[in-house]
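In case you want the letters, here they are:
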Amino acid sequence: MSNITRTDVVIVGAGPVALFAVFELGLFDMRCHLIDILDRPGGQCAELYPDKPIYDIPGYPVIGAQELIDKLLEQIAPFKPGFTFNRMVTSLERLGDGSFRLTTDEKEVFEAKVVVIAAGAGSFQPKRPPIPGIEAYEAQSVRYAVRRIEELRGHDVVIVGGGDSALDWALNLQPVARRVTLVHRRPDFRAAPDNVNKMLALRDAGALDLVIGQVSMLEGEGGGLSAIVVNGPDGATKISCSRLLPFFGLTMKLGPVAEWGLDLHENQIPVDTEKFQTSEPGIFAIGDINWYPGKLKLILSGFHEAALMTQAAKHVVSPKERIVFQYTTSSTSLHKKLGVPD
Ligand code: FAD
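Everything numeric here is computed off the predicted structure, so don't read it as measured data.

Chemist: So what exactly am I meant to see when it comes to the side chain of Thr181 here?
Modeler: As for its position among the elements, Thr181 is in strand β11 (residues 179-184). The class for Thr181 is buried, based on a relative accessible area of 6%. Every residue in contact with Thr181, bar those within four places of it in the chain, is listed here: Val157, Val158, Ile159, Asp209, Val211 and Ile239.

Chemist: I'm lost on the domain arrangement of the protein chain in this one. Help?
Modeler: Interface size is commonly expressed as the accessible surface area that is lost when the partners come together. Taken as a whole, the protein chain is organised into domain 1 (4-125 + 251-338) and domain 2 (128-248). The C-alpha centroid of domain 2 is placed 35 Å from the C-alpha centroid of domain 1.

Chemist: Hey, could you run me through the sheet that holds strand β14 (residues 224-232) in this one?
Modeler: Strands belonging to one sheet form pairs held by backbone hydrogen bonds; the direction of such a pair is parallel or antiparallel. Read from one edge to the other, the open sheet built from 3 strands follows the order β13-β14-β15, with strand pairing classed as antiparallel. Looking at the sheet topology across the chains shown, the edges are occupied by β13 (214-221) and β15 (235-240). Within this sheet the neighbouring strands show an average axis-to-axis angle of 25°, counted without direction. Two strands pair when backbone bridges link them, and β14 and β15 are joined in this way by 6 bridges, in the antiparallel orientation. Considered in β15, the bridge of Ile228 is made with Ile239.

Chemist: Is there a simple way to explain helix α3 (residues 65-76) in this structure?
Modeler: Residues spaced three or four apart along an α-helix point in a common direction, a consequence of the helix completing one turn every 3.6 residues. Taking 1.5 Å of rise per residue, 12 residues should cover 16 Å, and α3 covers 17 Å from first to last C-alpha, within 8% of that figure. Within the sequence span of α3, burial applies to Ala65, Leu68, Ile69, Leu72 and Ile76. Axial view of α3: buried residues confined to an arc of 100°, hence all on one face. In this structure, the buried side of α3 is in contact with α1 (16-27), α2 (43-48), β3 (53-54), β4 (63-64), β5 (82-84) and α6 (299-317).

Chemist: Hey, could you run me through the environment of Val116 in this one?
Modeler: Within the element layout of this structure, Val116 appears in strand β8 (residues 109-117). Considered as a pair, Val116 and Ala313 are 197 residues apart in the sequence and their alpha carbons are 8.9 Å apart. Among residues more than four places away in sequence, those in contact with Val116 are Val9, Val10, Ile11, Val12, Phe284, Ile286 and Met309.

Chemist: Looking at this structure, how should I read the sheet that holds strand β10 (residues 156-160)?
Modeler: In space, the 4 strands of this open sheet follow the order β12-β11-β10-β16, with parallel pairing throughout. Edge positions in the sheet fall to β12 (209-212) and β16 (243-246), since each has one partner strand and no second. Within this sheet the neighbouring strands show an average axis-to-axis angle of 20°, counted without direction. Bridge analysis of β11 against β12 gives 4 bridges, and the strand direction is parallel. Residue pairing in the sheet places Leu182 in a bridge with Leu210 of β12. Those strands touched by helix α4 (residues 164-173) are β10, β11 and β16, and its axis lies near 160° from that of β10.

Chemist: I tried to follow the site of the ligand on my own but got confused; where do I start?
Modeler: Taken together, 32 residues lie near the ligand, and Asp36, Gln44, Tyr49, Val89 and Asp288 sit nearest. Between an oxygen atom of the ligand and a main-chain N or O atom of Val17, the distance comes to 3.1 Å. Within the backbone of Ile37, a nitrogen or oxygen atom sits 3.3 Å from a nitrogen atom of the ligand. Within the complex, 87% of the 990 Å² of free accessible area of the ligand lies under protein. Of all the secondary-structure elements, those providing two or more residues to the shell around the ligand are α1, α2 and β9 (123-126). Considered class by class, the residues forming the shell around the ligand number 19 nonpolar, 8 polar and 5 charged.

Chemist: For this particular structure, what's the right way to read the pattern of salt bridges?
Modeler: Oppositely charged side chains can form a pair if their charged atoms are brought close together. The tally for this structure, following the rule as stated, stands at 20 salt bridges. The salt bridge involving Asp156 is made with Arg178; its shortest N-O contact spans 2.8 Å. Highlighted residues: Asp156 in strand β10 and Arg178 in the loop between α4 and β11, separated in sequence by 22 residues. Via salt bridges that share partners, Arg6, Arg101 and Glu111 belong to a single interconnected network.

Chemist: Explanation requested: unusual backbone geometry in the structure shown.
Modeler: Only a minority of non-glycine residues have a phi that is not negative, and only a minority of peptide bonds are not trans. Although it is not a glycine, Asp29 adopts a positive phi angle of roughly 65°. On the secondary structure map, Asp29 appears in the loop between α1 and β2 (32-35). One non-glycine residue, Glu266, lies in positive phi territory at about 45°. Within the fold, Glu266 resides in the loop between β17 (250-253) and β18 (269-270).

Chemist: Whenever I open this one, the packing of aromatic side chains confuses me. Can you help?
Modeler: Remark: the centre distance and the inter-plane angle together describe each pair of aromatic rings, the angle taken between the planes. Inspection of the entire model under this criterion finds 6 aromatic pairs. Ring geometry for Phe20 and Phe303: centres 4.8 Å apart, planes at 40°, overall tilted. Placement of Phe20 in helix α1 and of Phe303 in helix α6 is noted, with a sequence separation of 283 residues between them. The class of Phe20 is buried, set by a relative accessible area of 14%. What makes Phe303 buried here is its relative accessible area of 14%. Taken together through their ring pairs, the aromatic side chains of Phe20, Phe23, Phe79 and Phe303 make up a single cluster.

Conventions we followed
- Residues numbered from 1 in each chain as written.
- Predicted model: local features only at pLDDT ≥ 70, side-chain atom pairs only at ≥ 80, totals over all residues.
- Heavy atoms only, no water.
- Helix = DSSP H or I, 4+ residues; strand = E, 2+ residues; numbered from the N terminus.
- Buried < 20%, exposed > 50% of the residue type's maximum accessible area, 1.4 Å probe, protein only.
- Contact = heavy atoms within 4.5 Å.
- Domains from an automatic or database assignment.
- Pairing = 2+ DSSP bridges.
- Axes fitted to C-alpha atoms, helices over the stretch in contact; angles between N-to-C directions.
- Expected span 1.5 Å × (residues − 1).
- Arc of directions from axis to C-beta.
- Near = heavy atom within 4 Å.
- Polar contact = N/O pair within 3.5 Å; in protein donor to acceptor, adjacent residues only side chain to side chain.
- Areas by Shrake-Rupley, 256 points an atom, 1.4 Å probe, with all protein chains shown as cover.
- Nonpolar A, V, L, I, M, F, W, Y, C, P; charged D, E, K, R; others polar.
- Salt bridge = Lys/Arg side-chain N within 4 Å of Asp/Glu carboxyl O.
- Phe/Tyr/Trp six-rings, centres within 6.5 Å; stacked < 30°, edge-to-face > 60°.

As C-alpha cells, this is what we get:
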C-alpha cells in the first residue's frame, strides 16, 4: 500500500497529555505521529478554556490553558513529532507482524509498533443546528469543518454562527468564495473583537454580507443546496447559496474508539497502573480516556501516566534494548537529544 505514514508510535489525540507523551517517548528515541480531529493541538485546553488560568500544574502557580499548550509544544520541538489535524482516527487493526494500522476518516493510513490512545473524553464533534432536513444536505453541501479551502472556491457560501470559528472562516473564505454571507441570530458576536471589526469593515466595503436572523429552511435537490431562508427582525430573507457552514460549537463523544475491540469501563478504557496498557498488548491509553481505581481526570495524572507508559512502549518498539534510567538534569545523552548546549 502506498502513502502509508510509518512511525514508532501513533498517538490518537493531541491534547496536553499526548503532547507530554511525545517528550517522554522522545527521550527514549521513539518517533511519534499525533492525529487529532481538531485543527490544532491542545485538546480541551485549547478548545474549551484557552484563556482560563490553571492552578495545579506543578511548578506553575498559575498558567493559562493555551499558554500550557504553547509551552508543551516548545518542550517537544526537539523531537519533531508529526501532526495530522482535522482527522478522526476511525479504525485500528493489528497486522500480522504485531504492529498496528490506523485509518482516518479521510482514508489516510498510519502504521506503528505502538498505539497510544490519548483521546480525552472522546472526539470533539460539531453540534448540528436545529434546521429541519439538514441531514439530507450533509454529504454534499453542508460542512461542519473546512478541510480544504480550495473546495469552496467559487461557491456562494453561507456561514452561520457568531463565535471564533464562524468569524475566522468568514474572513478566510471571503477572498476564495464567490460570495460569503455571515448569518448570526443577533448583532453581538462572541468572537475576537479584532476579527469582528475586520468582518464589519468587509461588510461596509460591500465585500461580504451580514444577515441577522436564524436559518429556518433549506432549499435544494438531491443533496445539492440552492438557497436558505433566514427569519430575522424584518421577516424572512431568501439567500442563494451552494454551501452552508454552520459553526454551533462542539460536543464530545467517545466516537470510534468504542469500536476498536478494547475493553471499556463506562466509556473509558481500563488500564493497569504499571504500564497503562489496555486489554490489547501494544495499545496504551493515557489521560482522561483511561480508567483505573482512583483515577483522577487531571492533567498532572496524565503526565505521570505518559512517563510510565513510555517504559513499557520502549520494550515493544525495541525489545532487545536495555532501558537505562537517567535524569534530564545530568545525562549528557539526554542533553544531546534535547539540543542542550554542552
Ligand atoms: P483532551 O484534552 O480531551 O484531548 C483529547 C484529544 O483527542 C481531543 O483533542 C480530541 O479531539 C482527540 N480525539 C479523540 N478521539 C479522537 C479520534 N478518534 N481521532 C482523532 N482525535 C481524537 N485539568 C487540570 O488538571 N486542572 C484544571 O484546572 C483543569 N481545568 C479544567 C477546566 C475546564 C473548563 C475543563 C473542561 C477541563 C479542565 N481540566 C483541568 C481537565 C483537563 O483539561 C483534562 O484533564 C485534559 O485536557 C485531559 O487531557 P487529554 O490529553 O487526556 O485529553
